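# Tertiary structure, described
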Amino acid sequence: MADQTPDRTYYQVGRRPHELTLKPAGAAPWARWRVPFSKRHWLAWRGRINPRSLVRERSLDDKRPLWWTLGLGALVVVTPFLSDQGITVASIFCIYAAINVIWTLIIGTAGIFSLATMAVVGLCGYAAAAANVYLGVPWPLLIPIGALVGLVIGAILALPSTRLDGLYYALLTLGVAEICRVFVSQIKALAPSNGSINQVASFIPADWLLKRPGLLLGFAGAFVLLLCALLVFRLVNSERLGILLQSAREDEAFSEAVGIDYRRARLWVFIISSAALGAIGAFYAMFYRSISLTVFSLDQLLVMFAMIVIGGLGRSEGAVVGTAIVVLIDKGLIDLGPLRIILIAAVMVLVATTAHNGLVGVRGQFRNFRNRKKSERRAVRTKKGGEVMPEEATEIADKQQVYYRLFDKRIRDQLKTMITPELIAEHKAKPLGQHSDALDRVLNYFRRAELADKYAIMRVGPYRSCSYKVMAFSGRAGHPPRVVDDKLYATLDEVYHAVFLLRVNDLLES
């Protein structure tokens, strides 16, 4: 007997994404480490029961901490094997990355477009260097001094942010940075040699200066500085202040109506970030054992801004990735000379024109593009009223809908064979009379159709001399029905048969 199975086209449904899963032993409770000074966990584990093996499992909901650990761990492992120049580049990367992570708090979390970041770092660095050189303060106290000066400067700069916003505040902070540079250069007692302070005490011993042990110790200090900056970002952005400002970014009017004082939260984030920048400024002076007016330069600010644009705004990983790319080009390709600045500008323009939110937003952008293409391919294969596509079936939680639509398709295929000219003529002769079994089957299927796009009859004109039109329900509350066409029917039998023909046409097209 010949195989009567019709030809079918099968499409790949896909595969489950790979997940890192652990299997705890027995019924022991799960111990999870928390971030210091917060209630959040380092890793977002999700507990579940495997539906196949019925064994307890836990998997990572958020894999970003895992990638952070792998990336920073690779930096620590690889750096000791680099050349002296490579170790210096790694240290500079950590310092600039720490600055950009805190700057991301101001621009992204607080929503304050401030360009006074390097001004705060420079002023606090000068204050810490002056306290050490002129007052004899030991180097372990320089970081607290820098943080305290940054706190005061942040409180002063935060006051105009309540009245100015956007471009106006950016211009104000840019002017403040230039004023700070001129102010420091005019104070000869503070910086007698070309506006710089030298011979600053450091955590690196003088005997190790420019030697490999000193370079490795400097990298260790810069790496710890980057970890502290990431911790500050996590505590501010993921805790109460960050959550309040997240709601304000979505709708400021609604946040203010429900009692959220987002302006006060912005001020606190700005002040905390300024204190952290002050600590980084003090470390900057200790790391280089000096500080000069170049920290206030517009060139330095624009390079830092390029790091933020390339990496992505509002996310710590964007600040770190952008810093790594720019530092690698600027410090690692010194032999190119001025061409490396042009290369940085080219990379920034390319990222700005192709990515929605820097390099860290490329993954989400690619996912949206892939889902859009999948939807387009699915729409090509989908027919009106057709069964569920394989990709769509995996997204439907209630599998009863899948089987109902398959069953409905089989009914429609059978009813299509019953549509004949004789059946249509029978309905035209008696729209409301007794019908044959085939016509009853077709009419019963039409009656139990869903409300969306279901046809109805509307009476037009007075009762005794009225006419009729065909309408279609929208199926959504608050949306009126639509007129199918402008044709008027004199009797109910005519309009009943017109509705029947429209339903038959929809059935044959499905």
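The structure this text deals with has already been given above.
Below or above, wherever it landed, is the structure these notes cover. Within every chain, residues take consecutive numbers counted from 1 along the sequence as written. Local features are withheld for residues below a pLDDT of 70 in this predicted model, meaning they are given only at 70 or higher, and side-chain atom pairs are given and counted only at 80 or more; totals for whole chains, interfaces and linings count all residues. Neither water nor hydrogens contribute to the side-chain values; these are computed over all heavy atoms in the structure.

Counting secondary structure elements, the protein chain contains 18 helices and 6 strands. Residue contacts are counted whenever heavy atoms from the two residues lie within 4.5 Å of one another. Put simply, of all contacts in the protein chain between residues at least 6 apart along the chain, 65% involve residues at least 24 apart. The Shrake-Rupley method, run with a 1.4 Å probe sphere, supplies the accessible areas, and residue values consider only the shown protein chains as cover. Only carbon and sulfur atoms are counted for the fraction: they give 62% of the accessible area of the protein chain, which is about 30,200 Å². Only DSSP runs of H or I reaching four residues or more are called helices, and only runs of E reaching two or more are called strands; each is numbered from the N terminus.

Residue position: Ser316 is located in helix H11 (residues 316–330). With near-sequence residues (within four places) excluded, Ser316 lies in contact with Trp68, Val101, Leu230 and Phe233.

Below, the discussion takes up unusual backbone geometry. Leave glycine aside and you will find that most residues have negative phi; peptide bonds, for their part, are mostly trans. A positive phi angle, close to 60°, is found at Gln199, a residue other than glycine. In this structure, Gln199 sits in the loop between helix H5 (167–186) and helix H6 (212–237).

This part is about the packing of aromatic side chains. Two measures describe an aromatic ring pair: the distance that separates the ring centres and the angle between the ring planes. Only rings of Phe, Tyr and Trp enter the pairing, Trp through its six-membered ring, and a pair is recorded when the two centres are within 6.5 Å. The plane angle decides the type: under 30 degrees is stacked, over 60 is edge-to-face, the rest tilted. Scanning the entire structure with this criterion turns up 11 aromatic pairs. Both rings, one in Phe219 and one in Phe223, keep their centres 6.0 Å apart while their planes meet at 35°; by these two values the pair is tilted. Note that Phe219 and Phe223 are positioned in helix H6 at a spacing of 4 residues, about one turn of the helix. Grouping aromatic residues by their ring pairs yields a cluster made of Trp139, Phe203, Phe283, Tyr284, Phe287 and Tyr288.

Lines fitted to C-alpha atoms define the axes, with helix axes restricted to the stretch in contact, and inter-axis angles between N-to-C directions lie between 0 and 180 degrees. For the pair helix H16 (residues 421–429) and helix H17 (residues 437–447), interaxial distance at closest approach is 10 Å and the crossing angle is 80°. One way to sum up the angle between H16 and H17 is to call them roughly perpendicular. The segment H16 lies against H17, with Leu423, Glu426 and His427 engaging Ala438, Leu439, Val442 and Leu443. Under the grouping applied here, Gly and all other residues not named as nonpolar or charged are polar, the nonpolar ones being Ala, Val, Leu, Ile, Met, Phe, Trp, Tyr, Cys and Pro and the charged ones Asp, Glu, Lys and Arg. The residue inventory of the contact of H16 with H17, partitioned by class, reads 5 nonpolar, 1 polar and 1 charged. Reported orientations rely on four angle classes, namely roughly parallel under 35 degrees, roughly antiparallel over 145, roughly perpendicular from 65 to 115, and oblique for the rest.

Further remarks concern the sheet that holds strand E4 (residues 455–460). Whether two strands pair comes down to DSSP finding at least two bridges between them. On the basis of which strands lie adjacent, the open sheet formed by 3 strands has the order E4-E5-E6 and antiparallel pairing. Single-partner strands in this sheet number two, and they are E4 and strand E6 (482–483). Here E4 pairs with strand E5 (residues 467–472) via 6 bridges, running antiparallel. Across the sheet, the residue bridging to Ile457 is Val470, located in E5. Strands E4 and E5 of the sheet are contacted by helix H18 (residues 492–509), whose axis makes an angle of about 155° with E4.

Moving on, we come to the pattern of salt bridges. Any carboxyl oxygen of Asp or Glu within 4 Å of a side-chain nitrogen of Lys or Arg constitutes a salt bridge here. For the structure on display, the rule yields 8 salt bridges. A salt bridge links Lys409 to Asp413, with the nearest nitrogen and oxygen atoms 3.0 Å apart. Of this pair, Lys409 and Asp413 both sit in helix H15 (residues 399–416), 4 residues apart, roughly one helical turn. With a closest N to O distance of 3.0 Å, Asp437 and Arg441 form a salt bridge.

Counting 95 residues, the largest nonpolar core has Ile99 and Phe296 as the members making the most contacts within it. Ranked by size, the runner-up nonpolar core spans 13 residues in total, among them Ile419, Leu423, Leu439 and Phe446. What makes a nonpolar core is a set of buried Ala, Val, Leu, Ile, Met, Phe, Trp, Tyr and Cys residues whose side-chain atoms join them at distances within 4.5 Å. Burial classification: accessible surface area is computed with a 1.4 Å probe over protein chains only, and a residue below 20% of its type maximum counts as buried, one above 50% as exposed, and the rest as partly exposed.

Moving on: a nonpolar patch on the surface. Put simply, a patch holds well-exposed residues, over 30% relative accessible area, that have no salt bridge, with like charges counted together within 9 Å and Val, Leu, Ile, Met, Phe, Trp or Tyr side chains within 5 Å. Taken together, Leu167, Leu171, Leu174, Leu298 and Leu302 make up a surface patch of nonpolar side chains, about 480 Å² in accessible area. When residues in the nonpolar patch are grouped by element, the largest group, 3 residues, is from H5. Relative to the elements of secondary structure, Leu167 occurs in helix H5.

Looking at the element boundaries, Ala131 is found in helix H3 (residues 117–133). What makes Ala131 buried here is its relative accessible area of 9%. Measuring from C-alpha to C-alpha, the distance between Ala131 and Gly146 comes to 9.8 Å, with 15 residues separating the pair along the chain.

Here we come to helix H9 (residues 262–288). A helix is expected to span 1.5 Å multiplied by its residue count minus one. Between its first and last C-alpha atoms H9 spans 39 Å; for 27 residues at 1.5 Å apiece the expected length is 39 Å, and the two agree. The buried count for H9 comes to 21 of 27 residues, which makes it a mostly enclosed element.

With that settled, the discussion passes to the packing of H3 against H5. Axis separation between H3 and H5 bottoms out at 9 Å; the angle between their running directions is 25°. Viewed along their axes, H3 and H5 adopt a mutual orientation that is roughly parallel. The chirality of how H3 crosses H5 is left-handed. Between H3 and H5, the residues in contact are Ala119, Leu123 and Tyr126 and Ala177, Cys180 and Val184, respectively. Left-handed describes a crossing in which the near helix is turned anticlockwise from the far one by less than a right angle; the clockwise case is right-handed.

As a further point, take helix H4 (residues 142–158). With 17 residues, H4 ought to run about 24 Å at 1.5 Å a step, and its terminal C-alpha atoms sit 24 Å apart, in line with that. Three or more residues of H4 are buried, namely Leu142, Gly146, Gly150, Ile153, Gly154, Leu157 and Ala158. With its buried residues spanning 125° around the axis, H4 presents them on a single face. Exposed and oriented more than 90 degrees from the buried face of H4 are Leu148 and Ile156. Buried-residue contacts for H4 involve H3, H5 and H9. Here, the arc refers to the directions that run from the helix axis to the C-beta atoms.

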